[in-house]
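Descriptive analysis of the structure
Residue-level listing of the chains:
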Amino acid sequence: MIDISVQHVVKAFEEGENILDGVTFDINSGERVGLLGKNGAGKTTLFRIICGELTSDEGDVILAPGKPVGLITQIPVYPPQFTAEDVLRDAFRGAFAVRKRLDELEARMAEAADGAIPPEYDRLLEEYRRLGGYDMDHEVNRVANGLGIPTAQRGQLFRTLSGGEQTRVNLARLILEKTDILLLDEPTNHLDVNAVEWLEDYLSHFKGTVLTISHDRRFLDNTVTRIIELVGGKAEFYSGSYSFFAEEKQRRYELQLKRYEAEQAEAKRLQAAADRLHQWGTGNQRLVKKAFAIESRIERLVTTERPDKEKTMKAGFGEAAFDADEVMLIRGLSKSYDGRTLFTLPELQIKGGERIALIGDNGTGKTTLLRILLNQLRPDTGYVRVGPQVKTAYLPQAVTFDHPERTLLDTMLYEAGCSPQTARNRLGSFKFSGEDVFKRVQDLSGGERSRLKLCILMGETLNLLVLDEPTNHLDIASREWIEQALEAYEGTLIFVSHDRYFTNRFATRIWELADGTIRDFRGTYDEYRARYARPAARPPEKKPAEEKQPKTSREKPARPRNAERTMARLEKQIADQEALLARLEQEIQENATDYVRLTELQETSERENARLEELMEQWMELAE
C-alpha cells in the first residue's frame, strides 16, 4: 500500500525558477526513506507541500486516507499557559475526552439507586485502554527521558522554551501520538548522542512510514533503507542506505562521464570526417550528401549530458609553527551556576597534535568549559595555562558578527585585513561567488554564516582550533569539505559535536563530561563506546525459564550428517541470488527515469534481498 504519492509536483518562489520541477515518487507503507539534496534544493518545501502547509503550483500529493501525518517543524499553537508537560500530554487528548465522559457516567452511576451500569460504560473503558489512557504516565516519562527532556524543562511554559527545545518537545509529542507517517526534518539537530541513539532504536521498532531529511550520515545509515535525492528540481533514486548512496552516486557520475567523453570523442572524429567531405565535395553532390548524413548521425549520437559535480570549497587552515610539547594545562578547574556545580575537573594536559572530542549530554557544561579554555569565562576555582606559542581560533555554535549590516565583501576586508581581490578569491573558494559577495551578513542562513566565519579563520595562522558543533546547519557536501580541510590540518583540535561520523573520524582522545567530572579516554569514539557503552534504551526481554537452567554439557550440538551437502547447496543459491541482484541493480540504473518500471524493479530488488538474507542466515546456522 502506498502511503505517500508525489506526482509531477512543481513549485516556484521566483518567476521562471522552479525549486521543484516535476518531482515524482511513491513511498510504500512501512518504508524508511531519506530525502537528500544540497541546502536550497527544496527538501523542506516538499515536506510542507506533503503536509498541506504549502500548495504546489502543479502536480498532486496523495496521502493514504485515515493516516495522520506528523511534521516536527510544524508546531501547533498552544494556549499561553501550556507547559511542555501539557504539550506532551496533548498527544493523549482523545483519551482525556473519553476519561471526561467516563467521569460523568461514574458520577451518574453513584447517584443512581439501582446501581445500573450504562451500556456505554464498558465500551468507553475499552476505548480509553486502546487510546493509551492507562499507560499515559509511563509513556510520557519513557519518551521524554529517551529524548533528554529534563523534568525541570517539562514544567516550563512551552512558549518560553528555545526553538530547539520546542522542536524536541514536539518530536516527543508526535512519537506519543503514534503518528502513522512521520516527516522528520533534521531530527538530530537538537539532540545529544544518547537521545539520537534512543530515536534510532525507536524508529527501528516503529511500524509506520518515515521520510527523513538529515545531514547526519550515521543516523541515515542506521534508519533508512532508500534514498531520494533532489537534484535540479527532480528526484533521483537509490535503493540503499546513505553509504550505498555515496558510493553509487560516485559510480553513476563516473559512468555518465565516461559515456559522455566517449560520445564526444566519436562526435569529434565524425565531425572531422564531415569537414573533410565538405572540403572535398565542391561540385560533388554525393560527397556533400554524405557529409550531411554524418552530421545528422552526430546529432543522434550525442545523447549524454556532461555530468555536473557540485562546486566544492577549496581552502585549508593556515598553520603556525609550534615547537613546544604542551599546548594547555588544566588544573583544579570548577564552575557552578545557581548553586549547582557543573563540573570539577582533574588535572588534564593537552599536547601538540591531539584531537580531543568533548562529549556529554545537553546541559552538562560543554560550551561553558570551551569558553573557560578560551579565556572568555572565568572559572570558580583553578586555572588554565596556555603555551606561549599557541595561536587559537574558535568557531562557536551560534556564529555572530559585530556588524551584520556589512556585505560579505566588506566583512572580509575589515575582519581579514586583505585586499579586495584576495577577499573575492577567498569568498569564491567558499562558494560565495558573483553577486553573493554583496549580500548582507544579516541575510545569510546559519550554515552560510558558519561558512563565512570559517573563510575568515582559514586565512589566519593557528595551531589550536576549537570548534563548537562545526557541522550544524551544514549540508553533507559542506561537512565533507570541512572534514577534508581538517584532514590536512596538523595542529591541535578540540571540538564539541553530536555528529558521530565526524567525531569518530577525527577524535584521537575522548573527554566525556558527566556527573560533574571528565572521563578521559585515549582512542576513537567507536572504541570509547565499545568500552563504556550505556545500557540499551529498551530493557532486554526476559528469557523463558528453561533458558536460565545451567547446561549439563559444554559439548556443541551434533552436526547434521548432511550439513556439508546442504551448505554447498546454499552457497550455490547465494551465488545465484547475488548474480540476480546485480542484474536487477543494472536494470535499476538503466530505468532511473522510468518511474513505473523503476518502482517494479525496486520492489523486486527488496524482495530478492530479503531472500538473500534468509539464505545467508540458513548457511550461518549450519556453519555455527
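You'll find the structure just up there.
Quick caveat: nothing in here was measured; it's all calculated off a predicted structure.

What follows deals with the overall build of the protein chain. Scanning the protein chain from N- to C-terminus turns up 20 helices and 21 strands. Split into buried and exposed, the 624 residues of the protein chain put 44% on the buried side. As displayed, the protein chain offers around 33,600 Å² of accessible surface, 49% of which is attributable to carbon and sulfur atoms.

Along the polypeptide, L598 turns up in helix α20 (residues 595-623). In the structure, L598 is positioned 573 residues away from F25 in sequence and 10.0 Å away in space, judged by C-alpha atoms.

To continue, consider unusual backbone geometry. Here the phi dihedral of E469 falls at roughly 50°; this positive angle occurs in a residue that is not glycine. Looking at the secondary structure, you find E469 in the loop between β18 (464-468) and α16 (476-488). Overall, the relative accessible area of 7% leaves E469 in the buried class. Positive phi is not limited to glycine here, since D515 has a value of about 55°. Note that D515 resides in the loop between β20 (509-514) and β21 (517-522). Residue classification places D515 among the exposed positions, given a relative accessible area of 82%.

On to the pairing of strand β9 (residues 234-238). Sheet topology note: the strand β8 (residues 226-231)/β9 ladder contains five bridges and is antiparallel. Looking across to β9, one finds that V231 is bridged to K234. Linking β8 to β9, which pair antiparallel, is a turn of two residues; within it G232 sits at a positive phi near 60°.

In this structure, L427 and L452 are the most contacted members of the largest nonpolar core, which totals 42 residues. Ranked by the residues each element gives to this core, the list is headed by helix α15 (residues 446-457), at five residues. Those residues in contact with L427 that sit more than four places away from it in its chain are L408, L409, M412, F432, V437, L452 and C455. Ranked by size, the runner-up nonpolar core spans 40 residues in total, among them L88, L105, I149 and W198.

One open sheet holds the six strands; their spatial order is β5-β6-β7-β3-β8-β9, and the pairing between them is mixed. One side of each edge strand has no neighbouring strand; the edge strands of this open sheet are β5 (69-71) and β9. Along the sheet, successive strands turn relative to each other by an average axial angle of 20°, direction set aside. Across three bridges, the pairing between strand β3 (residues 32-36) and strand β7 (residues 209-213) is parallel. Note on β7: the bridge partner recorded for R32 is V210. In this fold helix α10 (residues 242-280) packs onto β3, β8 and β9, with an angle of close to 110° to the strand it touches most, β9.

Among the secondary structure elements, L464 is positioned in strand β18. Beyond its immediate sequence surroundings of up to four residues, L464 is in contact with V327, M328, V390, K391, T392, A393, Y489, T492 and I494.

With that settled, consider the sheet that holds β20. What the six strands build is an open sheet, ordered β16-β18-β19-β14-β20-β21; its pairing is mixed. The strands lining the two open edges of the sheet, one partner per strand, are β16 (392-395) and β21. Shown here is a sheet whose adjacent strand axes are inclined to one another by a mean of 15°, direction ignored. One ladder, built from six bridges, connects β20 with β21; its direction is antiparallel. Within the sheet, the bridge partner assigned to W511 lies in β21 and is D520.

Time to look at the side chain of K366. Along the polypeptide, K366 turns up in helix α12 (residues 366-373). In this structure K366 is buried but unpaired, with E469 as the nearest side chain of opposite charge at 6.3 Å. A distance of 3.1 Å separates a polar atom in the side chain of K366 from the backbone oxygen of D361. In this structure K366 touches L358, I359, G360, D361, V496, H498 and L513, once residues within four positions along its chain are discounted.

Attention shifts here to the side chain of R500. If you trace the backbone, R500 turns up in helix α17 (residues 500-506). Take R500: its relative accessible area is 3%, and that puts it in the buried class. A polar atom in the side chain of R500 sits 2.3 Å from the side chain of E200. When near neighbours in sequence (up to four residues on either side) are disregarded, R500 contacts V193, V196, E197, E200, D216, R218, F219, N222 and Y525.

A few words on the pairing of β20. Looking along a regular strand, one sees the side chains alternate between the two faces of the sheet. With respect to burial, β20 is a largely interior element, five of its six residues being buried. Examined bridge by bridge, strand β14 (residues 355-359) and β20 share four bridges and lie parallel to one another. When the bridges of β20 are listed, A357 appears paired with I510. Hairpin connection of β20 to β21: two residues between the antiparallel strands, including D515 at a positive phi of 55°.

Cut-offs used in this document
All residue numbers refer to position in the chain's written sequence, counted from 1. This being a predicted model, a pLDDT of at least 70 is required before a residue's local features are given, and a value of 80 or more before pairs of side-chain atoms are given or counted; all residues contribute to the totals for chains, interfaces and linings. The side-chain figures draw on all heavy atoms in the structure; neither hydrogens nor water molecules are used. Helix numbers and strand numbers start at the N terminus; a helix is a DSSP run of H or I with at least 4 residues, a strand a run of E with at least 2. Type-normalised accessible area, obtained with a 1.4 Å probe on protein chains alone, sets the label of each residue: buried when under 20%, exposed when over 50%, and partly exposed for intermediate values. Per-residue accessibility takes into account occlusion by the displayed protein chains alone, with areas from the Shrake-Rupley method and a 1.4 Å probe. Any two strands with at least two DSSP-identified bridges between them are counted as paired. What we call a nonpolar core is a set of buried Ala, Val, Leu, Ile, Met, Phe, Trp, Tyr and Cys residues that are connected through their side-chain atoms within 4.5 Å. Should any heavy atoms of two residues lie within 4.5 Å, those residues are counted as being in contact. Helix axes are fitted only over the stretch in contact, all axes being lines through C-alpha atoms; the angle between N-to-C directions runs from 0 to 180 degrees. For the purpose of charge, His is not counted, nor are the chain termini; Lys and Arg are scored as positive and Asp and Glu as negative. The rule for a salt bridge is simple: a side-chain nitrogen of Lys or Arg has to be within 4 Å of a carboxyl oxygen of Asp or Glu. In protein, a polar contact requires one atom able to donate a hydrogen and another able to accept it; more generally it is a pair of N or O atoms within 3.5 Å, and residues adjacent in sequence count only if both atoms are side-chain atoms.

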